[in-house]
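Summary of the model geometry
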Amino acid sequence: MDSVKNKSNLGEILIVDDDPSGLKFFSLSLQKDDYKVVTATNASLAKQAVRQRGIERFDCVLTDYRMPGENGIDLLNWIKAEDPCLATIIVTAEGEMNLVQDSMRGGAVDFLEKPVSRRTLEAAIAKAIEHTKKQRALESNDKGVRAVSRMNQIFEAVRAPEIESRLVYFSNPHHEIGGDFINVLPVGQQRYAFILGDVSGHDVRAAFVSAYFQGMVRGLLEKNSCIEEIVPLFNVLLNQEWSSLTGAKDTAKVPIMTSLAVFAGMLDLEAGTLSMLNCGIPQPFMLKKDGSILRASESNPPLGWFSYWNFARESRAVDDLLFLYVCTDGVQDYADSLGIDPLSLIYKLIEPGEKENSLKLADAGDDILVMRFSMDSDADLNDLSEPIIYEQYAGAEVGSIDKFQNVWRRSLQFVLPPTFDERMYDVLLCCREGVLNALTHGCENSQEKHCTLAVTYSKERARLRFRIDDPGHGHNFDVQQRIEQIKDFRGEQLGLTIISQLSDACSFDNQGSTVVFDFNVAKN
Amino acid sequence: MISSDFKQDDQLLVIKVKGDILSTNAEERADQIGSIFAEFPDFKKVKLDLNTAKMVDSVGLNMLLGVIKTVVDRGAEIVLHISSPSIHRVFLMSRFDKLANIHFREKRSRK
């Protein structure tokens, strides 16, 4: 084994050949081209050289195929196990090319057939060294990403143990690194901040923005700033300071902007209020104690979209609320791809137990993050109804009822045990009749008027409850009474009659502009 | 989709309707059945095959009511063939069995 130092070198090459003349030819040729060479006359000595100098010193290996003891393929396999990035070139005798075809599958970058011209040798070596450099750069990047992703625990920071029992959340990052986060922070006596965020992109930059924002929020909240001050500040930061760092100076290039969708909820247990500032997160859902479902109304654009924006927040009392549900758009998108209501997906994500395989989360195209917070600490969490469908339909959408029905069916099948299939079409028919009634009568087929469909499910009580509200004035008679009096079921109010006959319980409130009906679900 | 077959010997008109009968297709189905009645006016009995339907909503029921009425007004008989338990419940609830013969044979899934 020999090594020769040059004044400069383009790379360090290990040459292995038992033929002295071959070894000399390769050495001298490559040294003339300013490569640093280390030679060995067999595989065993080559391995020794690698161990002594360190495999990372070498940029390429040039080895003869046929040698006493281990051959070139054996050496190749050993090198691949030590450093998969290091390129190896196999040199074969004339006519041996077929024998070493396997070397290509084994991972050799190239092979040369003797006699090898100097030009061919130079080109092969240059290509091999380039290959080694690229592979090592990729591996270095991967290591960096893995190191950052190990810090992911900082992105799930629940630092208020006194309310931790009220919080359920589920996080499934789709990529090894990204910017989704959830923080729960105490901000004063009986006051807490919920911050759920989603940074655009799934790379080191997204993770950096995410960590920066969380650190900024935590620090400023501890110094008695309020979220209404912090959010616009970070918006300006993203828009003005960081956009100039993304190559925007080069007018020929379109810069890749970074944006942050964030929900900030400030809960004051003493005052009994919840203040929400939502910037780009899908509108959160709320379940009220009376079983009705609401959606938060105010929504601002994500941070980083507009230089200046008058961020609007929404506040409400919490004494009539049971749960607050917040999720990133990854949940919404996956629900859309499954053709189900997002609340059905949220229901399954919040449920205890394995879900990566059962919900096929590997098929979700984006990171998934969802949280549910209980507003009532005294509520029995095991005996509650959870929302599984909440939809609003315009009166003019009556022609799309089949499409709506397909979403209901898939959502119900997603949530309910398979035993419910026997009554599925009774449920769908009642739901269809209720919504059609609402769209045609209550909403008068108008684009400007909307009805809502809210479905809740209580696993403990084995009950599905449907509620359909429309903005109409209802009938000028008692609907329930009228239905009971009907002798000919094929006449008026046939749709509402179907609901009363097929469901296990129903009521028509507000003169029929609110229809509520239940179906019992057999337990598994 | 609708297909029809007229058996001359028995003057039996078989109409096979594929899929559900709902508010979104009831009018089209009514037109199609009307065309079949016009094509084969000599029927004495109608077999309306709804075995592939899983749902019939209130508009669909009213459409079927119209079909039944048309057949009965012509002095003919009609039998409705269904295999959906849900449709069977709706037919019984709306007393369709008083207007027409209902032939219900529930489809069982193969194990």
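Residues numbered from 1 in each chain as written. Chains lettered and ligands numbered in written order. Predicted model: local features only at pLDDT ≥ 70, side-chain atom pairs only at ≥ 80, totals over all residues. Heavy atoms only, no water.

1. Some remarks on helix α9 (residues 342-350) of chain A
Residues and elements named next belong to chain A.
- For α9, the tally of buried residues reaches nine of nine residues, placing the bulk of the element in the interior.
- Among the residues of α9, those classed as buried are P342, L343, S344, L345, I346, Y347, K348, L349 and I350.
- Regarding α9, its N-cap is D341, as a side-chain oxygen of that residue lies 2.9 Å from the backbone nitrogen of L343 further along. (Buried < 20%, exposed > 50% of the residue type's maximum accessible area, 1.4 Å probe, protein only. Helix = DSSP H or I, 4+ residues; strand = E, 2+ residues; numbered from the N terminus. Polar contact = N/O pair within 3.5 Å; in protein donor to acceptor, adjacent residues only side chain to side chain.)

2. Some points on the pairing of strand β5 (residues 101-104) of chain B
All names here are of chain B.
- In this structure, strand β4 (residues 77-82) lies alongside β5, joined through four bridges in parallel fashion. Bridging from a neighbouring strand, V79 pairs with N101 of β5.
- Between β4 and its parallel partner β5, the chain crosses via helix α3 (residues 85-93), and the hand of that crossover is right-handed. (Pairing = 2+ DSSP bridges. Right-handed = clockwise from strand over helix to strand, strands pointing away.)

3. Regarding the interface of chain B and chain A
- Every contact between the two is made by 19 residues of chain B and, on the other side, 21 residues of chain A.
- Buried surface at the junction of chain B and chain A, both sides included, amounts to about 1,700 Å², of which 62% is carbon and sulfur.
- At the junction of chain B and chain A, the tally comes to two salt bridges.
- Ionic pairing is found between D426 of chain A and R89 of chain B, a salt bridge with its closest N-O pair at 2.7 Å.
- Connecting chain B to chain A are six residue pairs in polar contact (both at pLDDT 80 or more).
- Residue assignment for the side of chain B that touches chain A shows that the elements contributing at least two residues are α2 (58-73) and α3 of chain B.
- Of the residues that constitute the side of chain B that touches chain A, the class distribution is nine nonpolar, six polar and four charged. (Contact = heavy atoms within 4.5 Å. Buried area = accessible area lost by both parts, 1.4 Å probe. Salt bridge = Lys/Arg side-chain N within 4 Å of Asp/Glu carboxyl O. Nonpolar A, V, L, I, M, F, W, Y, C, P; charged D, E, K, R; others polar.)

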